[in-house]
Amino acid sequence: MEAVLLTQKGIERLNTLDKLARTYDVIDEFKRLQYAKEFLAEAQKSDIDSIIAKAYISVGIGFYYTHKTDSAAKYMEIALEKFREIGDSTRTAACLNNLGIFYGDSGNYKKALDKYFESLKINQHFQDSSGMAKAMNNIGTIYYDWKKFKKATEYFENTLAIHKALNERIHYALLYRNLGLCYFDIALEFFPDNQDTTALINNYFYMGKALTPEFVNDSSIKYLNMAEENLNTALELYKEFDDEYGVALVRMNMGVVTSFYGDWGKTLLLYAKALEVFINTNDNKNLARIYINMGIIHGKMGQPDKSIELLLKGLDFAEKQGHLLVFDDAYSALTESYMNKGNYKRALEYCMKLIHIRDKLINKESLQLLSELENKYAMNKKNAELELS
């Protein structure tokens, strides 16, 4: 395509620039952005509103892939307004869905949820089942990040039902993975409270302890089994479609579940296989998470120095990506590791950072808005799939 671009003009050239930008999605994010910007510059000369709006979407997604979410949102908001003016409801809903992804990744869950609900409302009005599924799945993601796991499960189950009705088997794996994650976190809710200071500031306190006699109960075992079942189903589906990245995501998730059995060797093996894929795809977000998870495991194995090394590496990737929930996990685990070393000064430092992050993630204003949106839309899920057209 790059060769023929030199001889093309007009609409034909614009279409090629658009296709080139998409082609570089998973190859080179900077070239992707470069072609998207060129697409926009030439589209503006065409004076065709629909193509200009489409080019703004392309640039917004280009910035997203280079982890510049503020710029991504800026261009996507412009695309949104242009499609509103044109009266293109399908692409208006697509822009809203993309904005929900951008705002969610930057930690602005209030704005993300608002965009998702508006997208869902449009798709319901036009009975667009595919669009409804995307919006509902993403709403489920916000509920999951807000730790409202049963509510998230409802959205994920409804999304899976839509895809099954449409016989869209390619989407099943994502939903089974999301359900597995929800059931895992629901299992944690049935574990007994522990007043240990470390437990109060560390979500991973139960790793390796959950299945010892003092922690076992029927409900926790039930949901852990459901988590394993759904994750195994997701793994097989990703393998069926030769989705190496999807397989890596599930292996990372399964590593967290196996850690509850105290099987550190199996857990680290799952993480190691997933890590290789994340390195090859320059996935800063999941590199941050997997290094943090590996750091936690080494901490539980009584290796605080190795733990801190991995946790700080994970934090470095978290800073590149900027996702608040990743910071939450990093600060929580670092607090525990420094406490285990007896370095209470550093432990307090990370504990204070943890409190600051959690104040941003969950506060009264956020929870109130979430409740208002529930009532406003009265609707009955984790899809980071971007709508490119």
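Let me sum up the structure you'll find in this document.

The rules behind each value
- Residues numbered from 1 in each chain as written.
- Predicted model: local features only at pLDDT ≥ 70, side-chain atom pairs only at ≥ 80, totals over all residues.
- Heavy atoms only, no water.
- Helix = DSSP H or I, 4+ residues; strand = E, 2+ residues; numbered from the N terminus.
- Buried < 20%, exposed > 50% of the residue type's maximum accessible area, 1.4 Å probe, protein only.
- Areas by Shrake-Rupley, 256 points an atom, 1.4 Å probe, with all protein chains shown as cover.
- Patch = residues over 30% accessible without salt bridge, like charges linked within 9 Å, V, L, I, M, F, W, Y side chains within 5 Å.
- Salt bridge = Lys/Arg side-chain N within 4 Å of Asp/Glu carboxyl O.
- Phe/Tyr/Trp six-rings, centres within 6.5 Å; stacked < 30°, edge-to-face > 60°.
- Lys NZ or Arg CZ within 6 Å of the ring centre and 35° of its normal.
- Core = buried A, V, L, I, M, F, W, Y, C linked by side-chain atoms within 4.5 Å.
- Contact = heavy atoms within 4.5 Å.
- Axes fitted to C-alpha atoms, helices over the stretch in contact; angles between N-to-C directions.
- Parallel < 35°, antiparallel > 145°, perpendicular 65-115°, else oblique.
- Left-handed = near helix turned anticlockwise from the far one by under 90°.
- Nonpolar A, V, L, I, M, F, W, Y, C, P; charged D, E, K, R; others polar.
- Expected span 1.5 Å × (residues − 1).
- Polar contact = N/O pair within 3.5 Å; in protein donor to acceptor, adjacent residues only side chain to side chain.

1. Remarks on the overall build of the chain
For step 1, the next point in the chain: From N to C terminus, the chain includes 19 helices and zero strands.
For step 2, the next point in the chain: Here the chain holds 389 residues, and the buried ones make up 52% of them.
For step 3, the next point in the chain: Accessible area of the chain: about 17800 Å², with a carbon and sulfur share of 50%.

2. A short note on a nonpolar patch on the surface
For step 1, the next point in the chain: On the surface, Leu348, Met352 and Ile355 cluster together into a nonpolar patch covering about 290 Å² of accessible area.
For step 2, the next point in the chain: Mapped onto the fold, Ile355 is located in helix 18 (residues 344-361).

3. Focus on the packing of aromatic side chains
For step 1, the next point in the chain: Overall, the coordinates contain 13 aromatic pairs when judged by the stated rule.
For step 2, the next point in the chain: Consider the rings of Tyr245 and Phe278, whose centres lie 5.9 Å apart with planes at 75°: the pair is edge-to-face. In this pair, Tyr245 is assigned in helix 13 (residues 244-259) and Phe278 in helix 14 (residues 264-280), connecting sequence segments 33 residues apart.
For step 3, the next point in the chain: When the ring centre of Tyr172 is taken as reference, the NZ or CZ atom of Lys164 above it lies at 6.0 Å.

4. Things to note about the pattern of salt bridges
For step 1, the next point in the chain: Counted according to the given criterion, the structure contains 16 salt bridges.
For step 2, the next point in the chain: Arg346 is paired through a salt bridge with Glu349; the nearest N and O atoms lie 2.9 Å apart. Residue Arg346 and its partner Glu349 are both found in helix 18; the two are separated by three residues, about one turn of the helix.

5. Remarks on the nonpolar core
The nonpolar side chains of a soluble globular protein tend to be buried with one another.
For step 1, the next point in the chain: With 119 residues, the main nonpolar core has Phe102, Ile139, Tyr271, Phe278 and Leu315 as its most contacted residues.
For step 2, the next point in the chain: Counting residues per element, this core draws most heavily on helix 10 (residues 172-189), at twelve residues.
For step 3, the next point in the chain: Once residues within four sequence positions are removed from consideration, Phe278 is found in contact with Tyr245, Ala248, Leu249, Met252, Asp283, Asn286, Leu287 and Ile290.

6. Section: the packing of helix 7 (residues 109-125) against helix 8 (residues 129-145)
For step 1, the next point in the chain: At a closest axis distance of 8 Å, the pairing of helix 7 and helix 8 adopts a crossing angle of 155°. Taken as axis vectors, helix 7 and helix 8 run roughly antiparallel relative to one another. With respect to the hand of their crossing, helix 7 and helix 8 are arranged in left-handed fashion. Together, Tyr109, Ala112, Leu113, Tyr116, Phe117, Ser119, Leu120, Asn123 and Gln124 of helix 7 and Gly131, Met132, Ala135, Met136, Asn138, Ile139, Ile142, Tyr143 and Asp145 of helix 8 make up the contact between the two elements.
For step 2, the next point in the chain: Its residues assigned to classes, the contact of helix 7 with helix 8 shows twelve nonpolar, five polar and one charged.

7. Focus: helix 13
For step 1, the next point in the chain: End to end, helix 13 covers 23 Å across 16 residues, agreeing with the expected 22 Å (1.5 Å per residue, within 8%).
For step 2, the next point in the chain: With a side-chain oxygen lying 3.3 Å from the backbone nitrogen of Tyr245, the N-terminal cap of helix 13 falls on Asp243.

8. Structural notes on helix 12 (residues 218-240)
For step 1, the next point in the chain: When the terminal C-alpha atoms of helix 12 are compared, their 33 Å separation across 23 residues agrees well with the 33 Å that a helix rising 1.5 Å per residue should span.
For step 2, the next point in the chain: Along helix 12, the positions that sit buried rather than exposed are Ser220, Tyr223, Leu224, Ala227, Asn230, Leu231, Ala234, Leu235, Leu237 and Tyr238.
For step 3, the next point in the chain: Buried residues along helix 12 sit in contact with helix 10 and helix 13.
For step 4, the next point in the chain: Positioned one or two residues after helix 12, Asp242 has a phi angle of 55°, which is positive.

9. Considerations on the side chain of Thr92
For step 1, the next point in the chain: Following the sequence through the fold, Thr92 ends up in helix 6 (residues 89-105).
For step 2, the next point in the chain: You can call Thr92 buried: its relative accessible area is 5%.

10. Overview of the environment of Ser307
For step 1, the next point in the chain: Relative to the elements of secondary structure, Ser307 occurs in helix 16 (residues 304-321).
For step 2, the next point in the chain: Residues Ser307 and Ser337, 30 residues apart in the sequence, show an inter-C-alpha distance of 6.9 Å.
For step 3, the next point in the chain: In contact with Ser307, other than residues within four places in its own chain, are Gly295, Ile296, His298, Gly299 and Ser337.

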